[in-house]
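Next come the chains, spelled out residue by residue.
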Amino acid sequence: FPQQKTEVLFRKQMYEVLDEVGGFHRFQFVILHILSIPRVILPLNFLLHNFISAVPPHHCALPHLDDRYADHTPQPQLLPHDPDGALSSCRQFPELENFNSSGTGSNGSVPCQYGWTYDRRIFNSTTATEWDLVCDSKHLNQALATFFFMGVMMGAVLFGYLADRFGRKPMLLVSFVSSCVLGVAIAFSSSFLMFAICRTLSGVALTGMSITTLALSIEWTGIKHRTFSGTILSLGWSVGNMLLALLAYLLRDWRHLMLAVTAPCILAIATWWWVPESARWLLVNGRVEEAQRVLQQCAKMNGKTSKLDKEVAGLTHAKRPSKDHSYLDLVKTPKLRKISLCSGIVWFAVAFTYYGISFNISGFGLNAYLTQFIYGAIEVPAKVGTYFLLDRIGRRNGQAWSLILSFFHAVCMCVCVFVGYSGVRTGVAVCGKGFSEAAFTIAFLYTAELFPTTVWFWGLHSFMGRLGGSLAPLLIMLDGIGCVAFLLPETLRVRLPETIQDRVREGEKGAPLLCIFMKHMQNREGSD
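Residues numbered from 1 in each chain as written. Predicted model: local features only at pLDDT ≥ 70, side-chain atom pairs only at ≥ 80, totals over all residues. Heavy atoms only, no water.

Spelled out, the test is: UniProt positions are given in the numbering used here, feature names are shortened, and annotations may be inferred rather than shown by experiment.
An unreviewed UniProt entry lists the protein chain under the name Solute carrier family 22 member 7a, with Astyanax mexicanus as the source organism. If you open the UniProt record of the protein chain and go to Subcellular location (unreviewed entry), you find "Membrane".

### Details of the overall build of the protein chain
The cut-off we apply is this: Every helix listed is a DSSP run of H or I at least four residues long, and every strand listed is a run of E at least two residues long, numbered separately from the N terminus. Summary of the burial criterion: residues with accessible area below 20% of their type's maximum are buried, those above 50% are exposed, and those between are partly exposed, where the area comes from a 1.4 Å probe applied to protein chains only. Working rule for contacts: check all heavy atoms of both residues, and any pair within 4.5 Å makes them a contact. In these tables, accessible area is a Shrake-Rupley quantity obtained with a 1.4 Å probe, and a residue counts as shielded only by the protein chains included in the view.
Looking only at helices and strands, one finds 20 helices and 4 strands in the protein chain. Evaluated residue by residue, the protein chain yields a buried proportion of 55% over its 528 residues. Considering only contacts in the protein chain between residues 6 or more positions apart, those separated by 24 or more positions represent 80%. Accessible surface, the protein chain as shown: approximately 22700 Å² in total, 64% of it carbon and sulfur.

### Looking at the nonpolar core
Put simply, the rule reads: To form a nonpolar core, buried Ala, Val, Leu, Ile, Met, Phe, Trp, Tyr and Cys residues must be joined to one another through side-chain atoms within 4.5 Å.
Of all hydrophobic cores here, the largest spans 87 residues; its most connected members are F46, F51, W220, L257, V261 and Y355. Counting residues per element, this core draws most heavily on helix α2 (residues 26-46), which supplies 10 residues. Contacts of V261, omitting those with residues within four sequence positions, involve I41, L44, N45, L48, L244 and L247. One finds F159, A163, M171 and I211 within the second-largest nonpolar core, a separate group that totals 6 residues.

### Some thoughts on the side chain of T262
Mapping T262 onto the fold places it in helix α9 (residues 254-262). For T262, a relative accessible area of 4% corresponds to the buried category. Apart from residues lying up to four places away in sequence, T262 is in contact with S179, C180, G183 and V184.

### Looking at the state of the cysteines
The cut-off we apply is this: Cysteine sulfurs are considered disulfide-paired once they come within 2.5 Å of each other.
According to the stated counting rule, one finds 2 disulfides in the structure shown. Considering cysteine sulfurs only, C265 is the nearest to C180, which forms no disulfide, with 5.5 Å between them. Here C180 falls in the buried class, since its relative accessible area comes to 15%.

### As for unusual backbone geometry
Residues other than glycine seldom take positive phi values, yet D132 does so here, at roughly 50 degrees. Relative to the helices and strands, D132 resides in the loop between α4 (127-130) and α5 (138-166). Residues other than glycine seldom take positive phi values, yet C135 does so here, at roughly 55 degrees. Locating C135 in the fold gives a position in the loop between α4 and α5.

### Some words on the packing of aromatic side chains
Two measures describe an aromatic ring pair: the distance that separates the ring centres and the angle between the ring planes. Note the cut-off: Any two rings among Phe, Tyr and Trp, with Trp reduced to its six-membered ring, count as a pair given centres within 6.5 Å; such a pair is stacked if its planes are under 30 degrees apart, edge-to-face if over 60, and tilted if neither. Counting as a charge over the ring demands two things of the Lys NZ or Arg CZ atom: a distance within 6 Å of the ring centre and an angle within 35 degrees of the ring normal.
Enumeration over the complete set of coordinates arrives at 24 aromatic pairs. Note on Y249 and Y369: the rings are 5.6 Å apart at their centroids and 80 degrees apart in plane angle, and the pair reads as edge-to-face. With Y249 in helix α8 (residues 226-250) and Y369 in helix α15 (residues 368-416), this pair connects stretches of sequence that are 120 residues apart. For Y369, a relative accessible area of 7% puts it in the buried group. Taken together, the ring pairs connect F46, F148, F149, W237, W347, Y354, Y355, F359 and F440 into an aromatic cluster. Residue placement shows K169 over the ring face of W272; its charged tip is 4.7 Å from the ring centre. Residue placement shows R252 over the ring face of Y249; its charged tip is 4.7 Å from the ring centre.

### A few points about the packing of helix α6 (residues 168-187) against helix α7 (residues 192-219)
Helix-helix packing is described using two parameters, namely the angle between the two axes and the distance between the axes. Cut-off, in case you're wondering: Every axis in this analysis is a line fitted to C-alpha atoms, fitted for helices over the stretch in contact. Angles between the N-to-C directions lie between 0 and 180 degrees. Each angle gets one of four labels, with under 35 degrees taken as roughly parallel, over 145 as roughly antiparallel, 65 to 115 as roughly perpendicular, and the rest as oblique. In a left-handed crossing the near helix is turned counterclockwise from the far helix by less than a right angle, and in a right-handed crossing that turn is clockwise. Amino acids are sorted into nonpolar (Ala, Val, Leu, Ile, Met, Phe, Trp, Tyr, Cys and Pro), charged (Asp, Glu, Lys and Arg) and polar (every other residue, Gly among them).
Where α6 contacts α7, the two axes come as close as 8 Å, and the packing angle between them is 150 degrees. In terms of their interaxial angle, α6 and α7 are classed as roughly antiparallel. Between α6 and α7 lies a crossing of left-handed hand. Taken together, the residues that form the contact of α6 with α7 break down as 15 nonpolar, 7 polar and 3 charged.

### A short note on the pattern of salt bridges
The following threshold applies: The term salt bridge refers to a side-chain nitrogen of Lys or Arg lying within 4 Å of a carboxyl oxygen of Asp or Glu.
Applying the stated criterion across every chain, the model contains 7 salt bridges. The salt bridge involving D119 is made with R121; its shortest N-O contact spans 2.4 Å. Using a relative accessible area of 21% as the deciding quantity, one classes D119 as partly exposed. The partner of E219 in a salt bridge is R168, with the nearest N and O atoms 2.7 Å apart. Residue E219 is found in helix α7, and its partner R168 is found in helix α6; the two are separated by 51 residues along the sequence. The exposure class assigned to E219 is buried, which follows from its relative accessible area of 4%. Connected through shared salt-bridge partners, E379, K383, K433 and E437 make up one network.

Okay, here's the thing in structure tokens:
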């Protein structure tokens, strides 16, 4: 089969060239440092809802008593009680004369007539206080996170296609510029509608950073160093996570905080000029001369120039793989259907766990800022541990067991609801955060290795992940979903597929399925 032979030769030559110019030397080290900037920006925006849309303690405003109670402290005799005994945040007595010693109005209570008074000791200004998104309007405040992730879902599919069609580097710049412009627009929003629209579009733009940085880091790194480069790049997210806690603590006004998390986009735009296009993408798309140019730059910086010319010369004569692919290719063959389905379910579960924990920064006996910082700090040892384990146990086992352990964490969280010790609840939450972060780190690396370069299907699975993030409270489903990872092929020390045909032709050794509900799949596991 001439077509098959030329594709195999082309793929082999690309890997040989990458090895010759240095699979992981100074050039790759510089790229990873530059790409770490957008990885820091992402959590600053993805987890921003915890602070800019926080709902501080509040009660009905009583303007005629402002002089008497200058600190706006709620008075038991002025407000009714909720069924749980706490002072109501959303109701007041219709007439101030109708108070009694028990705090119950003889004429009943009514919704707040003069707006609300907010406790600004922790959050000076948020979207909730800006537009009074509390009580009957609290669903609008909660919907802001949903709007953002709807944008992320759309961006995952959009940038997944655009990055494959027009290149990684151009789409990275589009993401930087649009994120910067939309971030400023959000900070100066004059209405809830303007904020919601800009925040949704910001989700679309920010996803481009995630997809393109992952693609560039994987495609410029040799097989032996993929795990290391993926781990290093993911540490940028953890740094951003901790930085968000610091910025939110220092900037208690949501508009100032929004501008602060947008500012790094300017630095990212400035460093974009030093980011090279993916040589693998250029070669697959037939742009051999451009690929030779960036490979020469890589070889020069890595001190490998003398070994490059012979390897690159063969690329000009190699027949390149077809570019006529679409998302429908995911379901054209049984093997790809299986991988795509299982990978999509895993991505749903990974984001389901991670954001379910990350958006819960209250109820652990610590303030929101400290909890956010601890959540970010625990990710560092989780990622370092993942790095040392992945090359020993493989991607498939690592992905499956990290999700299974996250499920047991979810069970423990349910139990800890009835435990009165905040330290126990915090400890369980932090451990669960570590397992969920390990699952997320593996998912990024694993998906990039599972699918071919010519069809950047990672965006579609990122879409599934963001869908999981929007349904994060349903953590109990993770037991079975974690086991689905055992059905995916192993990619440890395996060359990346360049075409759909590569993925279909590659064989794999089945692994024993450890879940009872998957037993009926065991006979099929080794056949692919």
